[in-house]
Amino acid sequence: MDTTITSSSVFETAITSLPLIARGKVRDIYAVDEQHMLIVTTDRLSAFDVIMPTPIPQKGVILTQVANFWFGLLQDVIPNHLSDKTLDDLPLTAAEKATLQGRSIIVKRLRPLPVEAIVRGYLIGSGWKDYQQTGAVCGITLPTGLQMADRLPEPIFTPSSKAEVGEHDINISFAQMQEKIGAALAEQVRSVSIELYNRAAAYALERGIIIADTKFEFGLDANDQLVLIDEILTPDSSRFWPADQYQPGISPPSFDKQFVRDYLETLDWGKVAPGPELPAEIMQKTAAKYREVADLLMK
């Protein structure tokens, strides 16, 4: 795999031959036809739910490669949204095709579920704060005496409701998730999410990476079958730690955008848009973190 960082970056796309459906924090989504969409992963980076004005060079290419790798590795667990269409099937100009190369996928149009499926294997982040206050994470009671970053006795499933761009997702209970999508479907989402996490965590650990937590998103096809969508197990949707530097009681160093969050925490910035420009050093170090984890996972 070649994830060489170049000076080129794509902050926002403008594909004139396809209708724009939406711009997310990182992805631009275009309509292909009634059954398919084009998803473009840009080099935008969001932190604290604010899109930073500084892109991370080639970040979108790396995220796309990593997600596609996992989709292939885990396709026996659950079907995913990838289609067999390529950029050659689209009415693109040469310049548009060059921009999209390596950072886009054509996927099946599905009905997305209004929840995010979060699996936590370690006690960190908002889960650690929750545990300190209540002895539980999202209502799931845990053993007493756990330290920051401790491995949990078993992975826990803590869903959230999906928020609009710029808004914070809201943690919900499993019972609330059942009310939103139905009991049987909620059970399936929880079971599949934990299986995906366990498979991925075991694979990553063999390559020196701890997956502390991650999120999945799902949709339904025309036959109401569950399908894995969006991105999976990337440094944007997961917390990756180097296994050789892990120890409970401290927040481990991270392969993900925590590096940017830590820098932003040093600024006098209110965590509202617009975000501050990132210095070149922070931008390049962040790009190197994305590249490093991709190389470790896919070697």
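Since this is a predicted model, take the numbers as computed values, not measurements.

### Considering the environment of K97
Okay, so step 1: Take K97: it is sitting in helix α2 (residues 94–100).
Okay, so step 2: Note on K97: relative accessible area 29%, which makes it partly exposed.
Okay, so step 3: Between the C-alpha atom of K97 and that of I15, which follows or precedes it by 82 residues, the distance is 9.3 Å.
Okay, so step 4: Contact partners of K97, with chain neighbours within four places excluded, come to L87, D88 and L92.

### A few points about helix α4 (residues 174–181)
Okay, so step 1: Taken as a whole, α4 has its buried residues at F174, M177 and I181. Summarising the axial view, the buried residues of α4 lie within an arc of 50 degrees, below the 170-degree limit, and thus occupy one face.
Okay, so step 2: Positive backbone phi, at 100 degrees, marks G182, one or two positions downstream of α4.

### Some thoughts on the packing of aromatic side chains
Okay, so step 1: Scanning all chains against the criterion turns up nine aromatic pairs.
Okay, so step 2: Centroid distance F48 to W269: 6.3 Å. Interplanar angle 55 degrees. Geometry classified as tilted. Taken together, the residues span a long stretch of sequence, with F48 in the loop between β4 (46–47) and β5 (50–51) and W269 in the loop between α6 (258–265) and α7 (280–298) at a distance of 221 residues.
Okay, so step 3: Residue classification places W269 among the buried positions, given a relative accessible area of 16%.
Okay, so step 4: Plain terms: the ring middles of F69 and W70 are 5.5 Å apart, the flat faces sit at 65 degrees to each other, and that makes the pair edge-to-face.
Okay, so step 5: Given a relative accessible area of 22%, F69 falls into the partly exposed group.

### Structural notes on the side chain of R44
Okay, so step 1: Mapped onto the fold, R44 is located in the loop between β3 (36–41) and β4.
Okay, so step 2: Given the relative accessible area of 3%, R44 is considered buried.
Okay, so step 3: Setting aside anything within four residues of it in sequence, one finds R44 in contact with V10, F11, E12, R23, G24, K25, V26, R27, D28, I51 and K59.

### Here we look at unusual backbone geometry
Okay, so step 1: Here the amide bond leading from A273 into P274 is cis, since omega sits at 0 degrees, within 30 degrees of zero.
Okay, so step 2: If you trace the backbone, P274 turns up in the loop between α6 and α7.
Okay, so step 3: Phi is positive for Q58, close to 65 degrees, though the residue is something other than glycine.
Okay, so step 4: Taking relative accessible area as the criterion, Q58 reaches 15% and is therefore assigned buried.

### Some points on the nonpolar core
Okay, so step 1: V189 and F218 are the most contacted members of the largest nonpolar core, which totals 61 residues.
Okay, so step 2: Take this core: its biggest share by element is 10 residues, from helix α5 (residues 183–205).
Okay, so step 3: Listed in part, the 10 residues of the second largest apolar core include Y30, V40, L87 and L100.

### Focus on the side chain of S46
Okay, so step 1: Mapped onto the secondary structure, S46 falls in strand β4.
Okay, so step 2: With a relative accessible area of 6%, S46 lands in the buried category.
Okay, so step 3: Leave out the neighbours within four places in its chain, and S46 touches K25, I51, M52 and K257.

Basis of the calculations
Residues numbered from 1 in each chain as written. Predicted model: local features only at pLDDT ≥ 70, side-chain atom pairs only at ≥ 80, totals over all residues. Heavy atoms only, no water. Helix = DSSP H or I, 4+ residues; strand = E, 2+ residues; numbered from the N terminus. Buried < 20%, exposed > 50% of the residue type's maximum accessible area, 1.4 Å probe, protein only. Contact = heavy atoms within 4.5 Å. Arc of directions from axis to C-beta. Phe/Tyr/Trp six-rings, centres within 6.5 Å; stacked < 30°, edge-to-face > 60°. Core = buried A, V, L, I, M, F, W, Y, C linked by side-chain atoms within 4.5 Å.

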